[in-house]
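Residue-level listing of the chains:
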Amino acid sequence: MAIRERKARTGAIPEGGMADIAFLLLVFFLVTTTIDMDKGLGIILPAEGQELEINKKNILNCLISSSGAVLLGGEPVELKNLSRKVQDELRANDKLIISVKAHEKAQYDVYIEVLDQLKLAKATRISIAESE
Amino acid sequence: MKFRRKSGVESKISTSSMPDIIFMLLIFFMVTTVLREFSGLPVSLPKAERIEKLESKRHTSDIWVSKDGLISIEDKLFNNDDVRHVMYEKRAADPQLTVSLKADQAARMEIISGVHNELRKADALKLNYSTKVKVPN
């Protein structure tokens with residue numbers, strides 16, 4: 001019976017692969033972290049008790065009905081035409097404040113779309129009126 | 001004219017500190033990522049084109065509004081009239097606070113304007129309607 005000779009082994013851990021392992025970890029974390037940056041329409045609410053008296057002709061009312069129809073200054077407007085109409089109005093009067101008023105049964109996405117259209121028209125003075 | 005003999009300097013970059021550098025990068029990324037704190041309510045956000053990015057996650061506080069009219073802040077449900085107390089404390093702790101309103105697109109405007117009123121009473125005036133990106137057509 002032949003006894004096999006023991007191989008001489010060295011007890012050193014190879015360090016060459018260490019960088020690869022660390023890189024793999026890094027790439028794994030980079031890939032798995034989803035950066036969900038919050039995006040949205042920014043607006044500044046008016047402070048409580050700071051109601052200002054504004055000349056009637058500088059206000060353009062934008063009403064949203066419960067069914068989602070939009071009235072601009074008393075006339076029904078389609079949503080996709082809203083920004084163009086507002087742009088025309090702003091060109092005529094640059095002090096114009098657009099007052100958005102929504103019916104309480106109106107849907108939120110219509111309201112967001114109206115705000116989006118106003119922002120598209122580069123309207124900076126937007127006022128959110130309380131729905132009665 | 002004599003040419004100088006090239007010196008026998010080995011031009012190898014030492015790779016033995018490579019793992020340390022990579023680990024440092026790894027730790028940097030792990031520390032700087034802010035994890036999502038609250039799960040909120042299931043909402044389908046509306047879409048908009050002219051969106052802005054929120055400046056900083058650290059100065060942002062989320063309010064979820066579901067389509068049934070539930071209001072959730074930090075995974076707790078609130079009545080409309082209690083929102084002002086919560087937000088007032090948050091606003092007092094962080095003057096740069098931006099409120100991110102994550103409301104369902106089918107939510108009714110009465111709830112939204114209720115939240116508006118509460119935020120005005122709490123003096124948290126910087127509001128952001130959280131939306132998805134709409135591809136302009």
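Basis of the calculations
- Residues numbered from 1 in each chain as written.
- Chains lettered and ligands numbered in written order.
- Predicted model: local features only at pLDDT ≥ 70, side-chain atom pairs only at ≥ 80, totals over all residues.
- Helix = DSSP H or I, 4+ residues; strand = E, 2+ residues; numbered from the N terminus.
- Buried ≥ 20, exposed ≤ 12 C-beta atoms within 10 Å, placed from the backbone.
- Contact = placed C-beta atoms within 7 Å.
- Axes fitted to C-alpha atoms, helices over the stretch in contact; angles between N-to-C directions.
- Parallel < 35°, antiparallel > 145°, perpendicular 65-115°, else oblique.
- Left-handed = near helix turned anticlockwise from the far one by under 90°.
- Nonpolar A, V, L, I, M, F, W, Y, C, P; charged D, E, K, R; others polar.
- Pairing = 2+ DSSP bridges.
- Core = buried A, V, L, I, M, F, W, Y, C linked by C-beta atoms within 7 Å.
- Expected span 1.5 Å × (residues − 1).
- Right-handed = clockwise from strand over helix to strand, strands pointing away.
- pLDDT = per-residue confidence, 0-100.

Caption draft 1: Seen up close, the overall build of chain A. Looking only at helices and strands, chain A features three helices and six strands. Secondary structure elements of chain A, listed N to C terminal, follow the sequence α-β-β-β-β-α-β-α-β. Counting only residues that meet the buried cut, chain A has 23% of its 132 residues in that class. Partitioning the contacts of chain A with sequence separation of at least 6, the portion at a separation of at least 24 is 76%.

Caption draft 2: Molecular detail of the packing of helix α2 (residues 83-93) of chain B against helix α3 (residues 109-121) of chain B. All names here are of chain B. The geometry of α2 relative to α3 is characterised by a closest axis approach of 8 Å and an angle of 45 degrees between their N-to-C directions. One finds that α2 runs oblique with respect to α3. Where α2 crosses over α3, the two elements pack in a sense that is right-handed. Residue-level inspection shows Val83, Arg84 and Met87 of α2 in contact with α3, the latter providing Val115, Glu118, Leu119 and Lys121. In the contact of α2 with α3, the residues fall into four nonpolar, no polar and three charged.

Caption draft 3: Region of interest: the sheet that holds strand β5 (residues 97-102) of chain A. Residues and elements named next belong to chain A. Here we have five strands laid out as an open sheet, ordered β4-β3-β2-β5-β6, and mixed in their pairing. Unpaired on one side and paired on the other, β4 (75-77) and β6 (126-128) mark the two borders of the sheet. Neighbour to neighbour, the strand axes of the sheet diverge by 30 degrees on average, direction disregarded. Examined bridge by bridge, strand β2 (residues 59-64) and strand β3 (residues 70-72) share three bridges and lie antiparallel to one another. Bridging across to β3, Leu63 finds its partner in Leu71.

Caption draft 4: How the structure looks around the interface of chain B and chain A. Contact residues are listed per partner, giving 44 residues for chain B and 38 residues for chain A. Here strand β1 (residues 39-44) of chain A pairs with strand β7 (residues 126-130) of chain B via five bridges, running antiparallel. Directly across from Leu41(A), in β7(B), lies its bridge partner Tyr129(B).

Caption draft 5: Focus on the sheet that holds strand β2 (residues 52-53) of chain B. Strand order in the open sheet formed by seven strands is β2(B)-β1(A)-β7(B)-β6(B)-β3(B)-β4(B)-β5(B), and the pairing between neighbours is mixed. Each of the sheet's edge strands pairs with one partner strand only, and the pair in question is β2 and β5 (76-78) of chain B. When strand β3 (residues 60-65) of chain B meets strand β6 (residues 98-103) of chain B, the two strands line up parallel, connected through six bridges. When the bridges of β6(B) are listed, Asp62(B) appears paired with Ser100(B). Here helix α3 (residues 108-120) of chain A sits on the sheet and contacts β1 of chain A together with β6 and β7 of chain B; the angle it forms with β1(A), its principal contact strand, is near 75 degrees. Taken strand by strand, α3(B) contacts β3, β4 (71-73), β6 and β7 of chain B, and its axis lies near 150 degrees from that of β3(B).

Caption draft 6: Layout of the pairing of β1(A). Of the pairings in the sheet, the one linking β1(A) to β2(B) comprises two bridges and is antiparallel in character. The residue bridging Gly40(A) from the neighbouring strand is Glu52(B), located in β2(B).

Caption draft 7: Local environment of the nonpolar core. Core analysis: the biggest nonpolar cluster contains 43 residues, and Ile64(A), Tyr111(A), Val114(A), Val65(B), Leu101(B), Ile112(B) and Val115(B) have the highest contact counts within it. With near-sequence residues (within four places) excluded, Val114(A) lies in contact with Cys62(A), Ile64(A), Val70(A), Leu82(A) and Val100(A).

Caption draft 8: Expanded view of the environment of Asn55(A). Residue and element names in this part refer to chain A. Mapped onto the elements of the fold, Asn55 is located in the loop between β1 and β2. The exposure class assigned to Asn55 is exposed, which follows from the 8 C-beta atoms found within 10 Å. Sequence separation of Asn55 and Leu96 is 41 residues, and the distance between their C-alpha atoms is 9.8 Å.

Caption draft 9: Inspection of helix α1 (residues 18-32) of chain B at higher detail. The end-to-end C-alpha distance of α1(B) is 21 Å, a good match for the 21 Å that 15 residues give at a rise of 1.5 Å each. The element α1(B) is barely covered by neighbouring structure, given that only one of its 15 residues are classed as buried.

Caption draft 10: Molecular detail of the environment of Ser66(B). For Ser66(B), the location among the structural elements is in the loop between β3 and β4. A sequence separation of 36 residues divides Ser66(B) from Lys102(B), and the C-alpha atoms of the two residues are 8.4 Å apart.

Caption draft 11: Examining the pairing of β7(B) more closely. The buried fraction of β7(B) amounts to four of the five residues, a majority that puts the element mostly inside the structure. At this point the chain moves from β6(B), through α3(B), to the parallel β7(B), and the crossover so formed is right-handed.

Caption draft 12: Region of interest: the confidence of the model for chain A. For chain A, the mean per-residue pLDDT works out to 80, and 88% of the residues sit at or above 70. The least confident element of chain A is β6(A), whose mean pLDDT is 81; the most confident is α3(A), at 87.

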